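These are the residues of each chain, in order.
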Amino acid sequence: MGLTEYFDLDAHDTTVRTEVLAGITTFLTMSYIVVVNPAILAGIPDTKPGIIIDGFSPTQVRSMLAVVTIIAAATATTIMALYANRPFAQAPGLGLNAFFAFTVVGALGIPWQTALAAVVVEGVIFILLTAVGAREYVIRLFPQPVKFAVGTGIGLFLTIIGLQAMGIVVDDSATLVTMGQVASNPVAILSVFGLFLTFALYARGIKGSIIVGVVATTVLGWLVTQAGLVAPDAGLVAASSSATYDITPLAGSFLQGLGSIESFSFALVVFTFFFVDFFDTAGTLVGVGQAGDFLDDDGNLPDIDKPLMADAIGTTVGGMLGTSTVTTYIESAAGVEEGGRTGLTALVVALLFVASLALVPLAAAIPLYASHIALVVIGVVMLSNVVDIDWNDITQTVPAGMTILVMPFTYSIAYGIAAGIISYPLVKIAAGEYDDLRLGHLALAAAFVLYFFVRTSGLLASSV
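The following refers to the structure shown. Throughout this description, residue numbers start from 1 for each chain and increase along the sequence as written. A pLDDT threshold of at least 70 governs which residues receive local features in this predicted model, and a stricter bar of 80 or more applies before side-chain atom pairs are shown or counted, although totals over entire chains, interfaces and linings include all residues. Values shown for side chains rest on all heavy atoms present in the structure; no hydrogens or waters enter the calculation.

## Digging into the overall build of the protein chain
- From N to C terminus, the protein chain includes 21 helices and 6 strands.
- What the globule rule says is 2.2 Å times the number of residues to the power 0.38, and the radius of gyration is computed from C-alpha atoms. The globule rule puts the C-alpha radius of gyration for 464 residues at 23 Å, and the 21 Å found for the protein chain is close to it.
- In terms of overall dimensions, the protein chain has C-alpha extents of about 70 × 60 × 55 Å along its principal axes.
- Relative accessibility thresholds used throughout: buried, under 20% of the residue-type maximum; exposed, over 50%; partly exposed, between the two (1.4 Å probe, protein chains only). Per-residue burial for the protein chain yields a buried fraction of 56% across its 464 residues.
- Pairs of residues are marked as contacts when any of their non-hydrogen atoms sit within 4.5 Å. The long-range share in the protein chain, meaning contacts at least 24 apart out of those at least 6 apart in sequence, stands at 80%.
- We get accessible surface area from the Shrake-Rupley algorithm with a probe of 1.4 Å; when it comes to residues, only the shown protein chains can shield them. By element, 66% of the accessible surface of the protein chain is carried by carbon and sulfur atoms, the whole surface being about 18400 Å². Helix and strand labels come from DSSP, where a helix needs a run of H or I of at least four residues and a strand needs a run of E of at least two; each type is numbered from the N terminus.

Right, dumping it as structure tokens:
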């Protein structure tokens, strides 16, 4: 059986060439995780400790984590490709890795082995819930305006991530965010050039325009640096690193963590991992599914249980190997916008991750500012999803608007979904539209309120 038949390309109106281009695009936009995930999980010595292994330097630990990151991403994405036949890529999630390293291990003082055990337990719970259809049931309870708003919220989220990496948006003590010193920052100058080059190529309808834009920006940054027009440390060229392939100090370390847990604090850590990952993944699947026109008339992703199972297995395998929670990546939208419609796109991503194992230092060859150009381009494109929302109905506007706005402002897909889900029954009750409410809507809203209470009350910290 050939690729066309196995992935049913004809039925999805796509070709092998299109799927390969889409897979390469997605990989380029998310390849930064091979560098960023190890940097976060290894922590910052003396200030924010993360995974520290006796007898190994921080550089060696980061190399181990890079290899584990690649294996976990390749495993989960392969399952997504062959089992779910969806163009969604997976890898250790941003945000959850920071919570793992800086909060659970750093601030709370929980051993990193125990934190990994919590990730594995979370993954096993996900597998069981997915097998009986519970996760799919909960996602189908999402109010319709929230489902239709997720794509746009993710678009804004992608955009701010990209603009920050490009040096165009920076933090500010007075206004929280502001424009960076673009005219004096070589990274920002080159990013602006690459961004508008990519927009121009995209507007011309050139296939692979995002790849061309990212690669052209990377090459130009290298040429400018080599020509001596900017200092070598200006940040236009990604730093290289040596590879360490022995991951035995990490793999299986969760078993040690299971032997030294304190039940209440461990349960709260598992609960936090579980809650955020559950709704991050759900939001990403619905949002990227909307970008690819995969959703049905009710805003649901058909056969969502399969990509959910791939996510659950990926999280479990990742925790066993030695990395934080694996989740579906919003960067998958880049490949979908390039025409990816089947698991062949995901398979290409997985194979590229496997290929990067042989040359781990080259996984960082694309600097962040160049790869994140794709996020801004796709983020802008995804704003078009707002047309599906009935803005003339205030009971639709409020939950949709809250979902869209809270995501980028809190840097969390899950928080945006929470804002939409909590506000939906409130406005429906206020408007007297009780027939639109189901018991599940109220249960979801109550669950999010409980989560925020636990997350913000300091209860998690006081239990350690």
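## Regarding empty space enclosed by the protein
- The definitions used throughout rest on a 1 Å grid laid over the protein atoms alone, on which a cavity is an enclosed set of points accommodating a 1.4 Å probe that cannot get out and a pocket is an open set flanked by protein within 12 Å on both sides along at least five of seven lines; lining residues are those having an atom within 4 Å of a point. Grid points are joined across faces, edges and corners, and a volume is the space filled by probe spheres set on the points. On inspection of all chains with the given rule, the structure shows 2 cavities of 30 Å³ or more.
- Here the largest cavity defines a volume of roughly 40 Å³.
- Every residue lining the largest cavity is listed: Ile139, Arg140, Lys147, Val286, Gly299, Asn300, Leu301 and Ile304.
- For this classification, the nonpolar set comprises Ala, Val, Leu, Ile, Met, Phe, Trp, Tyr, Cys and Pro, the charged set comprises Asp, Glu, Lys and Arg, and every other residue, Gly included, is treated as polar. Classifying every residue of the lining of the largest cavity gives 4 nonpolar, 2 polar and 2 charged.
- Space inside the second largest cavity adds up to approximately 30 Å³.

## Some words on the side chain of Ser332
- Within the fold, Ser332 resides in helix H14 (residues 332-337).
- With near-sequence residues (within four places) excluded, Ser332 lies in contact with Thr26, Pro87, Phe88, Ala89 and Val288.

## A closer look at the pattern of salt bridges
- A side-chain nitrogen of Lys or Arg and a carboxyl oxygen of Asp or Glu constitute a salt bridge if their distance falls within 4 Å. Counted by the stated rule, this structure contains 2 salt bridges.
- Notably, a salt bridge pairs Lys428 with Asp436, separated by 2.8 Å at the nearest N-O pair.
- Overall, the relative accessible area of 1% leaves Lys428 in the buried class.
- What makes Asp436 partly exposed here is its relative accessible area of 38%.
- Through salt bridges with shared partners, one network takes in Lys428, Glu433 and Asp436.

## Here's the deal with the environment of Thr225
- Tracing the backbone through its elements, the reader meets Thr225 in helix H10 (residues 209-226).
- C-alpha of Thr225 to C-alpha of Val237: the two residues are 12 residues apart in sequence and 7.4 Å apart in space.
- If we ignore the near neighbours within four places in the chain, the residues touching Thr225 are Val230, Ala231, Pro232, Leu236 and Val237.

## A word on the side chain of Thr281
- Tracing the chain through its elements places Thr281 in helix H12 (residues 263-291).
- For Thr281, the side chain forms a polar contact with the side chain of Asp311, separated by 3.2 Å.
- Leaving out residues up to four positions away in the same chain, Thr281 has contacts with Arg135, Leu308, Asp311, Thr327 and Thr328. Here a polar contact is taken to be a pair of N or O atoms separated by no more than 3.5 Å, where protein atoms must pair a possible hydrogen donor with a possible acceptor and residues adjacent in sequence count only if both atoms sit in side chains.

## What about the packing of aromatic side chains?
- Whether two aromatic rings pair depends on their centres lying within 6.5 Å, for rings of Phe, Tyr and Trp, where Trp uses its six-membered ring; planes under 30 degrees apart make the pair stacked, over 60 edge-to-face, and the rest tilted. Tallying each qualifying case throughout the model produces 6 aromatic pairs.
- Look at Tyr6 and Phe7: their rings are 4.9 Å apart centre to centre, the planes differ by 75 degrees, and that puts the pair in the edge-to-face class.
- Here Tyr6 falls in the partly exposed class, since its relative accessible area comes to 41%.
- Its relative accessible area of 2% is what places Phe7 among the buried residues.
- A cation over a ring is seen here: Arg86 above Phe294, with NZ or CZ 5.1 Å from the ring centre.
- Note on geometry: a ring has a charge over it if NZ (lysine) or CZ (arginine) is within 6 Å of the ring centre and within 35 degrees of the ring normal. Lying across the ring of Tyr83, Lys306 places its NZ or CZ 5.8 Å from the centre.

## A look at the pairing of strand S5 (residues 176-179)
- Inspection of the sheet shows strand S4 (residues 169-172) paired to S5 by 4 bridges, in the antiparallel sense. Of the residues in S5, the one forming a bridge with Val169 is Met179.
- Two strands pair if DSSP finds at least two bridges between them. Where S4 hands over to S5, the hairpin turn is made up of 3 residues, counted between the paired strands.

## A short note on the environment of Phe56
- Counting through the fold element by element, Phe56 comes out in the loop between strand S2 (48-49) and helix H4 (58-84).
- Overall, the relative accessible area of 32% leaves Phe56 in the partly exposed class.
- As a C-alpha pair, Phe56 and Pro249 span 193 residues in sequence and 9.5 Å in three-dimensional space.
- Apart from residues lying up to four places away in sequence, Phe56 is in contact with Val61, Met64 and Pro249.

## Some thoughts on the packing of helix H6 (residues 112-131) against helix H13 (residues 305-321)
- Contact geometry of H6 with H13 gives a least axis separation of 8 Å together with a crossing angle of 160 degrees. Here H13 runs roughly antiparallel to H6, going by the angle between their axes. Here H6 and H13 pass one another in a crossing that is left-handed. Side by side, H6 and H13 meet where Leu116, Val119, Val120, Glu122, Gly123, Val124, Phe126, Ile127, Thr130 and Ala131 of the first sit next to Asp305, Leu308, Met309, Asp311, Ala312, Ile313, Thr315, Thr316, Gly319 and Met320 of the second.
- Class assignment of the residues belonging to the contact of H6 with H13 gives a composition of 12 nonpolar, 5 polar and 3 charged. All axes are obtained by fitting lines to C-alpha atoms, using only the stretch in contact for helices, and the reported angles, taken between N-to-C directions, cover 0 to 180 degrees. Here roughly perpendicular refers to angles of 65 to 115 degrees, roughly parallel to angles under 35, roughly antiparallel to angles over 145, and oblique to all remaining angles. By definition, turning the near helix anticlockwise from the far helix through less than a right angle yields a left-handed crossing, and turning it clockwise yields a right-handed one.

## Observations concerning a nonpolar patch on the surface
- Each patch is built from residues that are more than 30% exposed by relative accessible area and take part in no salt bridge. Like charges join if they lie within 9 Å; nonpolar side chains (Val, Leu, Ile, Met, Phe, Trp, Tyr) join within 5 Å. The grouping of Val215, Val219, Trp222, Leu223 and Val237 at the surface amounts to a nonpolar patch, some 410 Å² of accessible area in total.
- Examined against the element boundaries, Val215 turns out to sit in helix H10.

What is shown is where atoms sit, not what they do.
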